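Reading the structure
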Amino acid sequence: MEFTGQIGLIWEQTKVPLVVPVLKVMVILCLAMSAMLFIERVYMGIVIVFVKLFRRKPEKMYKWELMKDDVELGNLGYPMVLVQIPMYNEKEVYQLSIGAACGLSWPADRVIIQVLDDSTDPAIKTLVQVECQRWASKGINIKYEIRDNRNGYKAGALKEGMKHSYVKQCDYVAIFDADFQPEPHFLTRTIPFLVNNPQLGLVQARWKFVNSDECLMTRMQEMSLDYHFIVEQEVGSSTHAFFGFNGTAGVWRISAINEAGGWKDRTTVEDMDLAVRASLKGWKFVYVSDLKVKNELPSTFNAYRNQQHRWSCGPANLFKKMAMEIIRNKKVSLWKKFYVIYSFFFVRKIVAHIVTFVFYCVVLPATVLVPEVEVPKWGAVYIPSIITLLNAVGTPRSLHLVLFWIIFENVMSLHRTKATFIGLLEAGRVNEWVVTEKLGDGLKTKLGGKTPRKPRFRIGDRVHILELGVGAYLFFCGCYDLAFGKNRYFIFLFLQSIAFFIAGVGYVGTMVSTS
């Protein structure tokens, strides 16, 4: 009791002169960041309404004509297209992507399928090679390419793939990750944009998730990614500003890649890096929202955490590397510079992660312990509510899950904020690349329609100390607010702490035995 009393005395003596001023400054900073995010979301909402009302489809903004057979030229009237499929130990999905690429509707003698296999498992390499040989025997022009190292990961594989002599005859390159399955009409929808508009360097398609209903975690991912595709990508394309290449389900003009300096592996977002450099050279991009390519969401928690680390760390690191280069550039307008630096990078890739975690999981709970610091209702309730609704409209079928989405995004904001600071400071895991695990039809095959036995896990694989620590902090703040507070934040604090505890013991997503 005496020890507890001493802690209480120290707390009271340091609270007013030290804790209160620091917390007030943090509240002001968080409110400023919330306002930035709010303005950004409202701006994009207005643009999307304008796009929908005036039906500003890509075919109306750019010249687009269906490719037709030429009597004199024959198939020579079609440009040569390279289709790249980078993969790494993709046992569950390699057949899906190769099969879909080989089924594209394009003259057989005007397309080259290039499988870039970085697999380290000899058995998987053999399977992929045999699959390529099977399609080659059917008359498909497919190349199986390997290298003796994995330098540069995906960027290194794509860069190496562009060095082959047969690539010189190609005008355009379509890129699909190993779990992506383009429809047969993919090239006939995208290539005409590039053929008829010499200023276009990239045509990006939308992602369609085949396993969004697999578990609650995949539903949450769908809500976040639908906003990215339905709103963020559409706004960047329709305003001729900028949007990042998603690394897959897109077609590049090869001359644009070369002019931008080719693929670079200096960050873990080689796709965004190339897009920024190409944009600074004056190339424009178009996003075709009604062209969807099927793919798989990560359905295990560790796979999702690894993906989010890369997607948060990489952009922050790229921002640090390229901010001054963007400012000094003389080829693009001041508006585009502002859009890329402030809107695309600073607000969406840095502020959005930091304010979500710091404000709602650290500062707001701390005001329960320090009643001298108050957060205005507009900052604590109104702005977050509007931002949430604007985010959720992209997936109307999941509106009833919005509460789960909020607390799940807050949990993930811890991981994203940590990754963002790693990227900005170029610390520890800044260049870590863990390939996102795909299950394909593997899980269904293993279960065989029967109830699976409970998978065995090692404790170290599932326990996440940071999440458990934040969960304990939020639970303590909730108990304090319930006993002594007046804010009535305890309902939110208890719900959020439970979410952190669940994530902390890895009880999220699909459970797959490692044995």
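Quick caveat, the model's predicted, so the values are computed rather than measured.

1. Concerning helix α17 (residues 490-504)
Residue pairs spaced three or four apart in an α-helix point in one direction, given the helix's 3.6 residues per turn. For α17, spanning 15 residues, the distance from its first C-alpha to its last is 20 Å, which sits close to the expected 21 Å at 1.5 Å a residue. Regarding α17, the residues found buried are Leu493, Gln496, Ser497, Ala499, Phe500, Ala503 and Gly504. The arc enclosing the buried residues of α17, seen along the axis, measures out at 160°, which places them on a common side. Looking one or two residues past α17, Gly506 carries a phi angle of roughly 70°, positive in sign.

2. Some thoughts on the sheet that holds strand β7 (residues 284-295)
Across the sheet, which stays open at both edges, the 7 strands sit in the order β3-β2-β1-β4-β6-β5-β7 with mixed pairing between neighbours. Only two strands of the sheet have a single neighbouring strand rather than two, namely β3 (142-145) and β7. On average, adjacent strands in this sheet sit at an angle of 20° to one another, irrespective of strand direction. With respect to the sheet, helix α3 (residues 94-102) is in contact with β1 (81-87), β2 (111-117) and β3, its orientation differing from that of β1 by roughly 180°.

3. Brief notes about the confidence of the model for the chain
Per-residue confidence for the chain averages 89 on the pLDDT scale, and 93% of its residues sit at or above 70. Counting contacts from residues 445-455, a segment whose pLDDT is below 50, to residues more than four positions away or on other chains yields 6 contacts.

4. A look at the UniProt feature "transmembrane region" (unreviewed entry) in the chain
The UniProt record annotates "transmembrane region" (unreviewed entry) at residues 25-54, 338-360, 380-408, 463-483 and 489-509. Secondary structure content for residues 338-360 is 100% helix and 0% strand, and the end C-alpha separation is 28 Å.

5. What about the packing of aromatic side chains?
Under the counting rule described, the total for this entry stands at 25 aromatic pairs. Between the aromatic rings of Phe180 and Trp207, the centroid separation amounts to 5.1 Å while the plane-to-plane angle is 75°, which identifies the pairing as edge-to-face. Placement of Phe180 in the loop between β4 (172-175) and α6 (186-196) and of Trp207 in strand β5 (residues 200-209) is noted, with a sequence separation of 27 residues between them. Neither residue differs from the other here; Phe180 and Trp207 are each classed as buried. Look at Trp207 and Trp311: their rings are 6.3 Å apart centre to centre, the planes differ by 55°, and that puts the pair in the tilted class. Of this pair, Trp207 sits in strand β5 while Trp311 is found in helix α10 (residues 301-328), placing the two residues 104 residues apart along the sequence. Classification of Trp207 as buried rests on a relative accessible area of 9%. The aromatic ring of Phe344 is capped on one face by Lys349, whose charged end is 5.0 Å from the ring centroid.

6. A short note on the pattern of salt bridges
A side chain of one charge can pair with a side chain of the opposite charge when the charged atoms of the two come close. Going through the model one piece at a time under the given rule, you end up with 18 salt bridges. With a closest N to O distance of 2.9 Å, Arg397 and Glu222 form a salt bridge. With a gap of 175 residues between them, Arg397 in the loop between α12 (377-392) and α13 (402-425) and Glu222 in helix α7 (residues 216-238) connect regions that are remote in the sequence. Given the relative accessible area of 38%, Arg397 is considered partly exposed. The salt bridge partner of Lys331 is Glu259, with a shortest N-O separation of 3.9 Å. Note that Lys331 is positioned in the loop between α10 and α11 (334-369) and Glu259 in helix α8 (residues 254-259), a separation of 72 residues in sequence. Since its relative accessible area comes to 55%, Lys331 is described here as exposed. Since its relative accessible area comes to 36%, Glu259 is described here as partly exposed. Because the salt bridges share partners, they merge into one network encompassing Asp213, Arg219, Glu222 and Arg397.

7. Looking at the side chain of Arg189
Tracing the backbone through its elements, the reader meets Arg189 in helix α6. Non-local contacts of Arg189, meaning those with residues more than four positions away in its chain, are made with Glu59, Trp64, Val288, Asp290 and Leu291.

8. Quick look at the nonpolar core
Ranked by size, the top nonpolar core spans 151 residues in total, and within it Ile98, Phe186 and Trp252 carry the most contacts. Ranked by residues supplied to this core, first place goes to α11 with 21 residues. Once residues within four sequence positions are removed from consideration, Phe186 is found in contact with Leu104, Ala174, Phe176, Ala205, Ala249, Gly250, Val251, Leu291 and Val293.

9. Some words on the side chain of Ser34
Its place among the elements puts Ser34 in helix α1 (residues 2-53). We classify Ser34 as buried; its relative accessible area is 1%. Setting aside its immediate chain neighbours within four residues, Ser34 contacts Val355, Phe359, Tyr360, Ile383 and Ile387.

10. As for the packing of α12 against α13
Working note: a packed helix pair is described by the angle between its axes plus the distance between those axes. At a minimum axis distance of 11 Å, the contact between α12 and α13 shows a crossing angle of 110°. Of the possible angle classes, the one that applies to α12 and α13 is roughly perpendicular. The segment α12 lies against α13, with Thr388, Asn391 and Ala392 engaging Val402, Trp405 and Ile406. Residues of the contact of α12 with α13, tallied by class, amount to 4 nonpolar, 2 polar and no charged.

11. Points about the environment of Glu426
Structurally, Glu426 is set in the loop between α13 and α14 (442-447). In this structure the C-alpha to C-alpha distance between Glu426 and Ala316, which are 110 residues apart in sequence, comes to 9.3 Å. A distance of 2.6 Å separates polar atoms of two side chains, one belonging to Glu426 and the other to Lys321.

12. Side note on helix α16 (residues 465-484)
Compared with the 28 Å implied by 1.5 Å per residue over 20 residues, the 28 Å span of α16 between its first and last C-alpha is a close match. Among the residues of α16, those classed as buried are Glu467, Val470, Gly471, Leu474, Cys477, Gly478 and Asp481. End-on view of α16: buried residues confined to an arc of 130°, all on one side of the axis. Every exposed residue of α16 that faces more than 90 degrees away from the buried side is listed here: Ile465, Ala483 and Phe484.

13. Section: a positive patch on the surface
A surface patch of like charges, here positive, comprises Lys52, Arg55, Lys57 and Lys60. Looking at the secondary structure, you find Lys52 in helix α1.

14. A look at the UniProt feature "domain: Glycosyltransferase 2-like" (unreviewed entry) in the chain
Per the UniProt annotation, the sites labelled "domain: Glycosyltransferase 2-like" (unreviewed entry) are residues 172-366. The span residues 172-366 is 57% helix and 15% strand, and its two end C-alpha atoms sit 54 Å from each other.

Here is what the cut-offs are and how they apply
- Residues numbered from 1 in each chain as written.
- Predicted model: local features only at pLDDT ≥ 70, side-chain atom pairs only at ≥ 80, totals over all residues.
- Heavy atoms only, no water.
- Helix = DSSP H or I, 4+ residues; strand = E, 2+ residues; numbered from the N terminus.
- Expected span 1.5 Å × (residues − 1).
- Buried < 20%, exposed > 50% of the residue type's maximum accessible area, 1.4 Å probe, protein only.
- Arc of directions from axis to C-beta.
- Pairing = 2+ DSSP bridges.
- Axes fitted to C-alpha atoms, helices over the stretch in contact; angles between N-to-C directions.
- Contact = heavy atoms within 4.5 Å.
- pLDDT = per-residue confidence, 0-100.
- UniProt positions renumbered as here; feature names shortened; annotations may be inferred.
- Phe/Tyr/Trp six-rings, centres within 6.5 Å; stacked < 30°, edge-to-face > 60°.
- Lys NZ or Arg CZ within 6 Å of the ring centre and 35° of its normal.
- Salt bridge = Lys/Arg side-chain N within 4 Å of Asp/Glu carboxyl O.
- Core = buried A, V, L, I, M, F, W, Y, C linked by side-chain atoms within 4.5 Å.
- Parallel < 35°, antiparallel > 145°, perpendicular 65-115°, else oblique.
- Nonpolar A, V, L, I, M, F, W, Y, C, P; charged D, E, K, R; others polar.
- Polar contact = N/O pair within 3.5 Å; in protein donor to acceptor, adjacent residues only side chain to side chain.
- Patch = residues over 30% accessible without salt bridge, like charges linked within 9 Å, V, L, I, M, F, W, Y side chains within 5 Å.
- Areas by Shrake-Rupley, 256 points an atom, 1.4 Å probe, with all protein chains shown as cover.
- Lys, Arg positive; Asp, Glu negative; His and termini not counted.
- Charge placed at Lys NZ, Arg CZ, Asp CG, Glu CD.

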